[in-house]
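# Residue-level structure breakdown
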Amino acid sequence: MIRVCTVVGARPQFIKAAVVSRAFREAPDRYAESIIHTGQHYDHGMSDVFFSELDIPKPDHNLGVGGGSHGQNTGRMLEKVEEVLVAERPDFVLLYGDTNSTLAGVLAAVKLHIPVAHVEAGLRSYNRRMPEEINRVLTDHASSLLFTPTDLATRNLAGEGISAGKVLQVGDVMYDAALFYAGLAERNSGSLARFGLAPKGYALATIHRPENTDDPMRLRGIFTGLEAAPMPVLLPLHPRTRKQIAAFDIAVPASVTIVDPVGYLDMVMLERNAALILTDSGGVQKEAYFHGVPCITMRDETEWVELVDAGVNIIVGADPDRIRAALARSITTVVPEGQLYGDGTAGTKIRDALQP
Ligand code: UD1
Ligand code: UDP
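These lines cover the structure that appears in this document, whether it is placed above or below. Since the structure is predicted, the reported quantities are computational estimates derived from the model, not experimental observations.

### Examining the layout of surface pockets
If you add up the space inside the second largest pocket, you get close to 210 Å³. Taken together, N127, R129, M130, P131, E132, P210, E211, R218, D300 and E301 form the lining of the second largest pocket. Residue assignment for the lining of the second largest pocket shows that the elements contributing at least two residues are α5 (131-142) and α9 (210-213). Grouping the constituent residues of the lining of the second largest pocket by class yields three nonpolar, one polar and six charged.

Given below as structure tokens:
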């Protein structure tokens with residue numbers, strides 16, 4: 001029996017972990033998973049909703065570490081994850097993405113000489129001011145097994161001298177999730193009716209990156225740009241952005257409706273039926289593509305450059321003029337069929353690669 005300890009803490013990690021966790025449960029004679037939730041995200045709509053909707057087992061350990069500065073947050077998590085790992089001594093620690101929970105997990109595990117498997121390895125923005133860039137570089141270099149989603153991610157690791165023997169390109173677990181949950185979302189989500197939206201009659205937006213939320217000029221610029229959308233905009237809003245809009249006293253245009261964060265099935269339904277998606281999220285850029293919707297990325301760069309190369313994603317920063325121009329262009333963009341992110345079996349490939 002291979003014992004895997006998964007460390008998660010933030011919204012996108014619950015969605016990614018749901019895929020691999022299901023794969024473990026399909027092979028109960030070979031794998032036992034225990035889940036540590038650091039508590040980085042703690043509101044019901046940022047955490048619990050995903051566990052119940054996506055049928056993720058209740059975490060075995062909830063560390064209750066949320067909020068605070070990066071140092072406080074990561075430091076407290078490190079201390080508490082270490083305690084659990086000392087008690088559990090798993091064969092692998094499984095980590096996702098690039099959050100502070102990922103960094104705490106990798107530091108705790110490697111110093112106890114527990115091999116780390118990193119899902120979504122090899123992504124780079126080459127912007128070291130992003131906390132995620134530091135987290136992902138450190139995690140990749142300390143991991144024993146690195147699961148990459150794309151050709152570029154695999155090449156990035158080779159370029160940094162990481163041995164090819166540790167790297168396995170499996171595709172993107174978020175694509176597995178998109179395929180698995182699309183039908184369920186269609187059947188179970190009443191989000192269009194709830195928000196009074198017509199299919200292809202609205203744009204969907206998300207904003208949560210600190211470079212946007214913590215800079216009043218950029219945050220204002222984004223709302224000025226959103227006002228130019230030729231249709232209503234629905235904005236399920238991350239709590240940090242809600243706080244910053246209030247703190248900077250930013251005027252939200254009447255065409256933009258702010259709602260609380262939605263669950264994954266509602267989000268999938270909203271994405272599939274949107275005419276356009278505007279976001280600074282990593283995951284949402286890819287989901288736009290999975291569901292055939294053009295995307296405008298309100299950042300200065302992206303890790304998912306293949307989407308830009310394919311002409312389905314436009315990078316606009318937080319500049320209202322660039323947002324306006326991209327809105328005019330994207331509305332006629334047709335997202336081609338085809339897959340840049342594997343074949344939807346990343347979850348089982350990751351599971352099967354975890355061998356003694
Ligand atoms: C984190 C990740 C980011 C990821 C995002 C996904 C880091 C450095 N960043 O950013 O990579 O894209 O999650 O959503 O790990 N808050 C609440 N309730 C919650 C969660 C957060 O009110 O349930 C507020 C708190 O004020 C908190 C702030 O949001 O201090 C920021 O939360 P944090 O987890 O530090 O960063 P995110 O912006 O969510
Ligand atoms: N998401 C969601 N509800 C929302 C906003 C996002 O379920 O209100 C999902 C989204 O579909 C994607 C994931 O959260 O699967 C992306 O997470 P987020 O944007 O918070 O983080 P990032 O991907 O940028 O790290």
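### A few points about the pairing of strand β10 (residues 256-259)
Where strand β9 (residues 233-236) and β10 come together, four bridges link them in parallel fashion. Residue pairing across strands places V233 opposite V256, the latter belonging to β10. In this fold, the crossover linking β9 to β10 by way of helix α11 (residues 239-247) has right-handed handedness.

### Points about the site of ligand 1
Taken together, the neighbourhood of ligand 1 is formed by 20 residues, with H41, E132, H238, R240 and K243 sitting nearest. Between an oxygen atom of ligand 1 and a side-chain N or O atom of R240, the distance comes to 2.6 Å. In isolation ligand 1 has 740 Å² of accessible area, and contact with the protein removes 89% of it. Contributing elements (two or more residues each) for the shell around ligand 1: α5 and α11. Looking at the shell around ligand 1, the element that brings in the most residues is α11, giving three residues.

### Some details on the packing of helix α7 (residues 173-188) against helix α13 (residues 282-290)
Contact pair α7 / α13: the axes reach a minimum separation of 10 Å and the direction vectors enclose 50°. Accordingly, the angle class assigned to the pair α7 and α13 is oblique. The two elements α7 and α13 cross, and the hand of that crossing is right-handed. Here α7 contributes M174, Y175 and A178 to the contact with α13, which in turn contributes G283, K286, E287 and F290. Grouping the constituent residues of the contact of α7 with α13 by class yields four nonpolar, one polar and two charged.

### Focus: the pattern of salt bridges
Applying the stated criterion across every chain yields a total of 22 salt bridges. A salt bridge links R242 to D260, with the shortest nitrogen-to-oxygen separation between them at 3.2 Å. A residue pair is termed long-range when its members are at least 10 positions apart, and R242 in helix α11 and D260 in the loop between β10 and α12 (264-273) qualify at 18 residues. Of the residues examined, R242 reaches a relative accessible area of 38% and is grouped as partly exposed. Given the relative accessible area of 52%, D260 is considered exposed. With a closest N to O distance of 3.2 Å, K349 and D343 form a salt bridge. Sharing partners across several salt bridges, the network here consists of D98, E133, R136, E211, R299, E301 and E303.

### Some details on the side chain of E133
Here E133 shows up in helix α5. At 2.4 Å, the side chain of E133 and the side chain of R136 are in polar contact. E133 has contacts with L123, R124, S125, Y126, N127 and R128, leaving out every residue within four places of it along the chain.

### Focus: the site of ligand 2
The environment of ligand 2 is made up of 19 residues, and the closest members are R209, V262, S281, G283 and E287. At 2.6 Å from a nitrogen atom of ligand 2 is found a main-chain nitrogen or oxygen belonging to V262. Contacts to ligand 2 include E287, whose side-chain N or O atom sits 2.5 Å from an oxygen atom. Contact with the protein chains removes 95% of the 530 Å² of surface that ligand 2 exposes when unbound. Going through the elements one at a time, α1 (11-25), α12 and α13 are the ones with two or more residues in the shell around ligand 2. Residues of the shell around ligand 2, tallied by class, amount to 10 nonpolar, five polar and four charged.

### Notes on empty space enclosed by the protein
One pass over the structure, following the stated rule, counts one cavity of 30 Å³ or more. A volume near 40 Å³ is recorded for the largest cavity. Around the largest cavity, the lining residues are V119, E120, F147, P149, V170, G171, D172, V173 and I350. Looking at side-chain class alone, the lining of the largest cavity contains six nonpolar, one polar and two charged residues.

### Considering the sheet that holds strand β8 (residues 203-206)
The strand order across the open sheet built from six strands is β10-β9-β8-β11-β12-β13, with neighbouring strands paired in parallel fashion. The outermost strands of the open sheet, each flanked by one partner alone, are β10 and β13 (313-315). Averaged over neighbouring strand pairs, the angle between their axes works out to 20° when direction is ignored. Pairing geometry for strand β12 (residues 295-297) and β13, over three bridges, is parallel. Across the sheet, the residue bridging to I296 is I314, located in β13.

Procedures and definitions
- Residues numbered from 1 in each chain as written.
- Chains lettered and ligands numbered in written order.
- Predicted model: local features only at pLDDT ≥ 70, side-chain atom pairs only at ≥ 80, totals over all residues.
- Heavy atoms only, no water.
- 1 Å grid on protein atoms, 1.4 Å probe; cavity = no way out; pocket = protein on both sides within 12 Å on 5 of 7 lines; lining within 4 Å.
- Points joined across faces, edges and corners; volume = space filled by probe spheres on them.
- Helix = DSSP H or I, 4+ residues; strand = E, 2+ residues; numbered from the N terminus.
- Nonpolar A, V, L, I, M, F, W, Y, C, P; charged D, E, K, R; others polar.
- Pairing = 2+ DSSP bridges.
- Right-handed = clockwise from strand over helix to strand, strands pointing away.
- Near = heavy atom within 4 Å.
- Polar contact = N/O pair within 3.5 Å; in protein donor to acceptor, adjacent residues only side chain to side chain.
- Areas by Shrake-Rupley, 256 points an atom, 1.4 Å probe, with all protein chains shown as cover.
- Axes fitted to C-alpha atoms, helices over the stretch in contact; angles between N-to-C directions.
- Parallel < 35°, antiparallel > 145°, perpendicular 65-115°, else oblique.
- Left-handed = near helix turned anticlockwise from the far one by under 90°.
- Contact = heavy atoms within 4.5 Å.
- Salt bridge = Lys/Arg side-chain N within 4 Å of Asp/Glu carboxyl O.
- Buried < 20%, exposed > 50% of the residue type's maximum accessible area, 1.4 Å probe, protein only.

That's the geometry; what it means functionally is another story.
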